[in-house]
Amino acid sequence: MHAAASRRRPPVTERAPVRGIDAGLAPLLARLRMPGGLAGLAGLLAALVVVFGAAVPDFASGGTLQSVMFQMPELGLLSLAMLLPLISGGLNLAIIATANQAALLMAWLMRSWTPAGASGGTVALVIVAAMLAGLLLCVVIGLLTGALVAYTGVHPILVTLGTRSLLDGVSIFLTRGTIISGLPHQYAAVGNAVVLGVPVPFLVLIAAALACGLLLRRTAFGVAVFMVGSNIEATRYSAIDVRRVLVGVYLASSVLCFVAACLMLARFNSASAEYAQSYLLITILAAVLGGVDPFGGFGTVWGLMLALAILQVLASGSNLLGMSDYLKLAIWGLVLIGVMAAQTLAQRMKRRGP
Amino acid sequence: MPERLRRSHEAWLLAVILVLGAVLAAIAPGFLTPGNFVDLIETYSVQGILALGLFVVLVSGGIDISFAATASVAQYLAAWLAARLHMPGIVCIPAGLLAGVALGAINATLIHFVRVTSIIATIATMSVYFALLMYFTGGKLISDLPDWWTDRIVFVQWQNAEGDLVRITLPIVMLVVAALFTWLMMTRSTAGRQLYAMGGNPESARRVGVAIGRLHYLAYGFLGFMAALGGIIQAHRVGESVPNAMYGSELTVLSAAVLGGASLSGGVGSVPGVLLGIVLLAILQNGLNLLGVSPYFFQIVIGLVILISTSFTMLATRGRHARRRVAAPAAGD
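Residues numbered from 1 in each chain as written. Chains lettered and ligands numbered in written order. Predicted model: local features only at pLDDT ≥ 70, side-chain atom pairs only at ≥ 80, totals over all residues. Heavy atoms only, no water.

Student: Could you give an account of the nonpolar core, naming the residues involved and the relevant values?
Tutor: If you look at the biggest cluster of nonpolar residues, it comprises 211 residues, and the most contacted ones within it are L80 and L265 of chain A together with F55 and I119 of chain B. Per-element tally for this core: the top contributor is helix α12 (residues 242-268) of chain A, with 17 residues. With near-sequence residues (within four places) excluded, L265 of chain A lies in contact with A103, M106, A107, M110, L183, Y187, S270 and A271 of chain A. (Core = buried A, V, L, I, M, F, W, Y, C linked by side-chain atoms within 4.5 Å. Buried < 20%, exposed > 50% of the residue type's maximum accessible area, 1.4 Å probe, protein only. Helix = DSSP H or I, 4+ residues; strand = E, 2+ residues; numbered from the N terminus. Contact = heavy atoms within 4.5 Å.)

Spelled out as structure tokens, the structure:
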């Protein structure tokens, strides 16, 4: 019935009703910011830094901070790309496939368009053109994914599993599983530059996080994303075009993957369909640790950023301790399970209390 | 009856398979021989067994992508017992199966008691199971499996007109047994009916007195069992145990189950549908091979199959509901 009703309903202007809901939701959203939760995460971060600083001799140095600031951005952008669908009650399992395909396209274009002995201006033009092509690819992927989720009603898990397989398949088919390298060195030079002691990728991450925070908190679209995540039926009956919101969510997620792809290209100086596959678990882990409800409707960008910092400190610490990659992967999984168990326990205690 | 047939998912699937089979038979002469067909089924027997287990979880309204890791752990444990401790098969195989059930039970605990969404819980356990397996084994393969495990067991064999030997081997028989058992459990037992009820609407199922917790353990434990069985048979087929051999087969298995009509929202799907889904995938891959298309292309096909089949099923269901809704008031007048 609702499907038929929404089809018959005349297009409504989104602004007026959403502003009304925004006022009603304000107290709820204020509570969501959870000063307690964020303080807990910040405390955990500080404690970890102190423990690792005391236990690992090389840990407390400017070098560690720099390496954290270089490694965090890709993961941070991919986590932001996961955050939006999670808040809307879905999931995007294709983020890494999307980022890799965009990186492959950009690397291939940069390599094949740059003439030998080109001047700086030509190279810059080629880089910008390649990046525009990558952005266009991600926009198309995002629109297609969003349209499939919104208009067929198939669960996002299945849609994004399908798009992931499709994207990875196309990437591997076209590259035969090889790595594309040989980018103009100017690209990596800008991508790895340091401005006032802060690496450029880290600045990009901060800008993206701010943009996401503003999008979620200060726009009608953002409020609609939270509403879709907590109750999609109620949102539909509140005269919000749920389908357009869902398309927007997957579009934004895909565009964030494009930004991640740009950073990955700069750091690895090459592209491949196989890069960063283990990040999928970590992006979900970061979101859940940062207080995002896996069922949708709740979550903050700041929680996510704090969780990322914690994970990065853990990763740097365990690297310095010389742990194997598999042991680390197991620890990530166990941490994810532990955090979710703790959250469930905390909720039950709260319900039993006064 | 024709109306019912037209709406049945399995009938559509069968029609697609027949059309595709006819096209392939016309293009590739080697396709329509009993030998090729039996080979195909044997190649896909392990995936078929896994898909049957996953199908039960999908019916219950959940999803599990840790089964390939579970299969690897169970296979490696049994192989280690057999090759390093020289245990007899009567110990190794039950130990492997039990390990599978135990890992499935861990998933069920996380999903039922810790209340984690099934996809996130199983992404986490997949990483933990697989990473711990790789950490403790160092990725070393066990190639000296005992003969009782790797010896080919042939139940029936005959020679066809071209002189090829056609063999019905253990993996095929196990697939048939697993399919029969799953079909009986899902359609002829109370637990099976309750699984469909829970997948359709967990809250109403709970209110009519279905023990949701027990069913979670049944569904994920059953998948763990099937995964372990698939793992042991995979080692039987290839004659060795490689820790990461099964890893990465999740998508093929999932697409077979989804092709067979199982939906992530739960409550629908049938065993014949899953079997037809496996057959369709097998024919697709075999056909692409015979046509000389790069094996890299197969992943694209899997992605398209998932997207197209789920979208069509969903849109068809929605259309049917809309029609019924229009028809209902007319009948009331």
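Anyway, onward from the coordinates.
Student: Explain the interface of chain A and chain B to me, using residue names and the numbers behind them.
Tutor: Chain A puts 44 residues into the contact, and the matching count from chain B is 39 residues. Carbon and sulfur atoms supply 79% of the area that chain A and chain B bury against each other, a total of about 3,700 Å² over both sides. Applying the counting criterion to the chain A and chain B interface returns zero salt bridges. At the junction of chain A with chain B, the criterion picks out two residue pairs in polar contact (both at pLDDT 80 or more). (Buried area = accessible area lost by both parts, 1.4 Å probe. Salt bridge = Lys/Arg side-chain N within 4 Å of Asp/Glu carboxyl O. Polar contact = N/O pair within 3.5 Å; in protein donor to acceptor, adjacent residues only side chain to side chain.)

Student: How would you explain the confidence of the model for chain B if you had to name every residue and give the values?
Tutor: Where the model shows low pLDDT, its predicted coordinates should not be examined in detail. All names here are of chain B. This prediction gives chain B a mean pLDDT of 84; 92% of its residues lie at or above 70. Per-element averaging of pLDDT across chain B places helix α1 (residues 2-7) at the bottom with 56 and helix α12 (residues 212-238) at the top with 94. Low pLDDT, under 50, characterises residues 325-333; the predicted model gives this stretch one contact beyond four residues in sequence or across chains. (pLDDT = per-residue confidence, 0-100.)

Student: Tell me about the packing of aromatic side chains, and please be specific about residues and values.
Tutor: All told, the structure shown has seven aromatic pairs over all chains when counted by the stated rule. For the pair F173 of chain A and F297 of chain B, a centre-to-centre distance of 5.2 Å together with 70° between the ring planes defines the contact as edge-to-face. Placement of F173 of chain A in helix α7 (residues 156-175) and of F297 of chain B in helix α15 (residues 297-332) is noted, with the two residues assigned to different chains. Ring centres 5.7 Å apart and planes at 10° place the aromatic pair W148 of chain B and W149 of chain B in the stacked group. (Phe/Tyr/Trp six-rings, centres within 6.5 Å; stacked < 30°, edge-to-face > 60°.)

Student: So what about the pattern of salt bridges? Which residues, and what values?
Tutor: All names here are of chain B. Per the stated rule, a full pass over the model turns up nine salt bridges over all chains. A salt bridge links R152 to E42; the nearest nitrogen and oxygen atoms lie 3.5 Å apart. One end of the pair, R152, is in the loop between α8 (147-150) and β1 (154-159); the other, E42, is in helix α3 (residues 34-43), and 110 residues separate them in sequence. For E42, a relative accessible area of 11% puts it in the buried group. Where salt bridges share partners, they join E42, R152 and R237 into one cluster.

Student: Summarise the side chain of S171 of chain A; cite the residues concerned and give the values.
Tutor: Within the secondary structure, S171 of chain A sits in helix α7. Taking the relative accessible area as the measure of exposure, S171 of chain A reaches 3% and is therefore buried.

Student: How would you explain the environment of A287 of chain A if you had to name every residue and give the values?
Tutor: Residues and elements named next belong to chain A. Within the secondary structure, A287 is located in helix α13 (residues 279-289). Spatially, the C-alpha atoms of A287 and M305 are 8.9 Å apart, while their sequence positions differ by 18 residues. If we ignore the near neighbours within four places in the chain, the residues touching A287 are L86, V292 and L304.

Student: Any chance you could break down a nonpolar patch on the surface for me, citing the residues and the numbers?
Tutor: Residue and element names in this part refer to chain A. Side chains of V195, L196, L203, I206, L210 and W302 sit close together on the surface and give an oily, nonpolar patch of about 630 Å² of accessible area. Top contributing element to the nonpolar patch by residue count: helix α9 (residues 200-218), with three residues. Looking at the element boundaries, L210 is found in helix α9. (Patch = residues over 30% accessible without salt bridge, like charges linked within 9 Å, V, L, I, M, F, W, Y side chains within 5 Å. Areas by Shrake-Rupley, 256 points an atom, 1.4 Å probe, with all protein chains shown as cover.)

Student: Outline the packing of helix α10 (residues 220-230) of chain A against α12 of chain A, listing residues and values.
Tutor: Residue and element names in this part refer to chain A. It is at 10 Å that the axes of α10 and α12 come closest, and there the two elements cross at 105°. Here α10 is positioned roughly perpendicular relative to α12, judged by the angle of their axes. Of α12, the residues touching α10 (which contributes F221, A224, V225 and V228) are V242, V245, L246, G248 and V249. (Axes fitted to C-alpha atoms, helices over the stretch in contact; angles between N-to-C directions. Parallel < 35°, antiparallel > 145°, perpendicular 65-115°, else oblique.)

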